[in-house]
Structure formats: C-alpha cells, structure tokens
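Below are the chains, spelled out letter by letter.
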Amino acid sequence: LLGIFTLGAGIVFGLIGLVINLTAPDSESESQNSVYIEECGSCHLAYPPGLLPAVSWHEIMLGLEDHFEDNAELDQETADEISQYLDDHALTMGRPSTMSKMLRNIPEQPPIRITKLPAFIDAHEDVSIKREIQDDEGVFLSRCTECHKDAELGVFDEESTTEPSS
C-alpha cells in the first residue's frame, strides 16, 4: 500500500512539474528590453543577455567609457535599467536555456567578449580556420548576423547559418 501511494504521489508531482514547466514563460522568448535594444542595438547587435554570465555583463557596463575602443557612456538611470535587464537574463548555471552550452569550460573569471568563451571558440573552429585563410574578406566572428540570419531573434543554431558575404 505504501509503495502504491509513493508511486502515485511521484506521478502526480511529476505531472504538476511538467504542467508548470510547459506553461512557464521561457526567459529567452520574453521580449527584449526596448531601452537595451535602442541603446546597445544602435551600434551593434543587441546580443541576447544569455550569451554571457552576469559577471561579464557587469564588467561591460562598468567600462562603457571605453567600450571596445568606443565611448558608449549612458546616463545613470539608463545604465541601471540595462544592467538590471542583463543581470536578470544573463547566462546562469542551473537556468536551462538554448545558450546553456556556453557555460562549457567557462573560466572562473569569464571574459567580457562572447567570442572568447571556450564554447564559442569550439563552435566556431571551422569558421576560424576559414577566416585565417581568407583574412582579407572582413569576416568578424563578433558580427553574428553575417552568418546567423536569425541572430537578432537570439537564434544561433547551425541550421540558421549562411556563408558570410564577402
């Protein structure tokens, strides 16, 4: 009798968990913050926050006066809103997402460049070899939209890639 009760409880709790999981909003499908898109997307792809851990986004936001050799300073209110958005949606251990693979072999002090993450480097090994051969064509791995036609939607799978235009 105890075994039947335990099995029944397991099935009930399993079904409840399944229903909650299927009906809970996917953090990646949530709409992006319009301020983030406007401010960051005005110069480059508004990279999905799930591509970097919060500590990397924090470092980026602290260094906006020299943001990859450009001045991207923001007023405090805007910076705070973007920082909160990035922190809430950053790549996080234990939060399942399509970008969870970016956590593979991540160093204790993760880089601030997406292109320096070990999983990114592994996933783009073939592209890097082609780039070394054809270095004069101006193909940069940080320009995701050159190969990933759905990058603006946060889709970076191999099925949605195209060859970079020269």
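Reference entry: report on the structure contained in this document. (Residues numbered from 1 in each chain as written. Predicted model: local features only at pLDDT ≥ 70, side-chain atom pairs only at ≥ 80, totals over all residues. Heavy atoms only, no water.)

## So, helix H4 (residues 76–89)
Put simply, the test is: Strands here mean DSSP runs of E at least two residues long; helices mean DSSP runs of H or I at least four residues long; both are numbered from the N terminus. A helix is expected to reach a length of 1.5 Å times the quantity of its residues less one. Whether two residues are in contact is decided by their heavy atoms: any pair within 4.5 Å suffices. Contacts described as polar in this section are N or O atom pairs within 3.5 Å, which, within protein, must combine one atom able to donate a hydrogen with one able to accept it, while residues neighboring in sequence count only if both atoms come from side chains.
A rise of 1.5 Å per residue sets the reference length of H4, with its 14 residues, at 20 Å; its end C-alpha atoms lie 20 Å apart and thus fit the reference within 8%. Those residues of H4 that are buried lie in contact with helix H2 (34–40) and helix H3 (54–62). Two to three positions downstream of the cap, the backbone nitrogen of Glu77 sits 3.2 Å from a side-chain oxygen, assigning the N-cap of H4 to Asp75.

## Comments concerning the nonpolar core
Rules: Nine residue types can take part in a nonpolar core, namely buried Ala, Val, Leu, Ile, Met, Phe, Trp, Tyr and Cys, and a core is a set of them joined through side-chain atoms within 4.5 Å. Type-normalised accessible area, obtained with a 1.4 Å probe on protein chains alone, sets the label of each residue: buried when under 20%, exposed when over 50%, and partly exposed for intermediate values.
Counting 27 residues, the largest nonpolar core has Tyr36, Tyr47, Trp57, Leu86, Met102 and Ile114 as the members making the most contacts within it. For this core, the secondary-structure elements that each account for two or more residues are H2, H3, H4 and helix H5 (118–123). Looking at this core element by element, the count peaks at 4 residues for H4. Not counting the four nearest positions on each side in its chain, Tyr36 is found in contact with Gly41, Ala46, Tyr47, Trp57, Ile82, Tyr85 and Leu86.

## Thoughts on the pattern of salt bridges
This is how the line gets drawn: In what follows, salt bridge is the name for a side-chain nitrogen of Lys or Arg lying within 4 Å of a carboxyl oxygen of Asp or Glu.
The tally for this structure, following the rule as stated, stands at 1 salt bridge. Note that Glu146 is salt-bridged to Arg143, the shortest N-O span being 3.5 Å.

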